[in-house]
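Residue strings, one per chain:
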Amino acid sequence: VLVPDVRSEARTSEAEPGMAPAGAKGGEFDLNRTEKEQVIGELHEKMARAKTAIVAEPKGLTVAVVTELRKKLRDAKVEYRVVKNTLAARAAKGTTLEPLAEKFVGPTAIVMSYDDAVVPAKLLVEFMKDRENFAIRTAVVEGKVIDAKGVAALAKMPGLPELRAQILATINAPAAKLARVIAT
């Protein structure tokens with residue numbers, strides 16, 4: 001028995017130039033199972049390494065604004081990624097980001113830092129100052145879940161380079177005093 005090929009014309013037709021192909025949702029293409037597994041694996045590995053991960057809600061940002069934000073974050077060695085919620089929730093399983101899975105609703109961006117816990121908070125709080133359409137939902141900092149107010153408080157703390165400078169100044173202060181006393 002032969003079964004006719006019953007495919008939707010929209011799914012099989014070629015997209016017009018400049019138009020998204022059929023099946024595109026929100027600017028993203030449908031991924032096949034292998035591609036989804038690859039994305040989940042890649043995200044899982046990054047989530048497992050992240051010291052800090054901030055979940056944000058980027059609504060209505062222009063491409064130029066997002067590009068500017070990505071550049072600032074990239075310069076600070078911080079990763080900004082807009083994710084599909086179901087893929088992000090699956091990738092978070094078994095990592096310190098697993099408690100954030102329930103926050104993956106609506107437009108979602110994950111900002112991950114692998115070195116300094118304070119830098120992404122500082123950059124995002126600074127970015128949010130003049131934008132109402134960008135909000136921080138929650139974050140995980142070294143395994144601990146914090147809310148948006150916690151991220152704002154984290155942004156006020158000194159970063160790793162500032163802490164190193166303060167420690168170095170504290171260590172050098174007695175030696176400098178001793179050198180001045182000996183010199184007199």
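Residues numbered from 1 in each chain as written. Predicted model: local features only at pLDDT ≥ 70, side-chain atom pairs only at ≥ 80, totals over all residues. Heavy atoms only, no water.

Student: I would appreciate a short explanation of the confidence of the model for the protein in the present structure.
Tutor: The predicted structure's coordinates, where accompanied by low pLDDT, should not be read in detail. Chain-level statistics for the protein give a pLDDT mean of 78 and a share of 81% at 70 or above. Per-residue pLDDT stays below 50 along residues 1-28; that stretch engages in 13 contacts with residues further than four places along the chain or on separate chains. (pLDDT = per-residue confidence, 0-100. Contact = heavy atoms within 4.5 Å.)

Student: Any chance you could explain the nonpolar core here in plain terms?
Tutor: Looking at soluble globular proteins, one finds that nonpolar side chains tend to be buried together. Core analysis: the largest hydrophobic core is formed by 23 residues, its most contacted members being Ile54, Leu69, Tyr80, Val111, Leu124 and Phe134. Contributing elements (two or more residues each) for this core: strand S1 (52-58), helix H3 (63-75), strand S2 (78-82), strand S3 (109-113), helix H5 (119-128), strand S4 (134-141) and helix H6 (148-156). In this structure Ile54 touches Ala109, Ile110, Val111, Pro120, Ala121, Leu124, Ile136, Thr138, Ala139 and Val151, once residues within four positions along its chain are discounted. One finds Ala50, Ala53, Met112 and Tyr114 within the second-largest nonpolar core, a separate group that totals 19 residues. (Core = buried A, V, L, I, M, F, W, Y, C linked by side-chain atoms within 4.5 Å. Buried < 20%, exposed > 50% of the residue type's maximum accessible area, 1.4 Å probe, protein only. Helix = DSSP H or I, 4+ residues; strand = E, 2+ residues; numbered from the N terminus.)

Student: Please clarify how the pattern of salt bridges should be interpreted in this entry.
Tutor: Side-chain pairs of opposite charge can arise where the charged atoms are in close proximity. All told, the structure shown has eleven salt bridges when counted by the stated rule. Among the ionic pairs, Lys46 bridges to Glu79, the shortest N-O distance being 3.0 Å. Of the two residues, Lys46 sits in helix H2 (residues 33-49) while Glu79 sits in strand S2, which places them 33 residues apart along the sequence. One exposure class covers both Lys46 and Glu79, and it is buried. The closest approach of N and O atoms between Glu57 and Lys59, which form a salt bridge, is 3.1 Å. One network of salt bridges, with partners in common, ties together Glu42, Lys46, Glu79 and Arg81. (Salt bridge = Lys/Arg side-chain N within 4 Å of Asp/Glu carboxyl O.)

Student: Explain the packing of H3 against H5 to me, please; I cannot follow it from the model alone.
Tutor: A pair of packed helices can be characterised by two numbers: the angle between their axes and the separation between those axes. As a packed pair, H3 and H5 sit with axes 10 Å apart at the nearest point and diverge in direction by 155°. Of the possible angle classes, the one that applies to H3 and H5 is roughly antiparallel. For the element pair H3 and H5, the recorded crossing hand is right-handed. Side by side, H3 and H5 meet where Val65, Leu69, Lys72 and Leu73 of the first sit next to Leu123, Leu124 and Phe127 of the second. Tallied by class, residues from the contact of H3 with H5 come to six nonpolar, no polar and one charged. (Axes fitted to C-alpha atoms, helices over the stretch in contact; angles between N-to-C directions. Parallel < 35°, antiparallel > 145°, perpendicular 65-115°, else oblique. Left-handed = near helix turned anticlockwise from the far one by under 90°. Nonpolar A, V, L, I, M, F, W, Y, C, P; charged D, E, K, R; others polar.)

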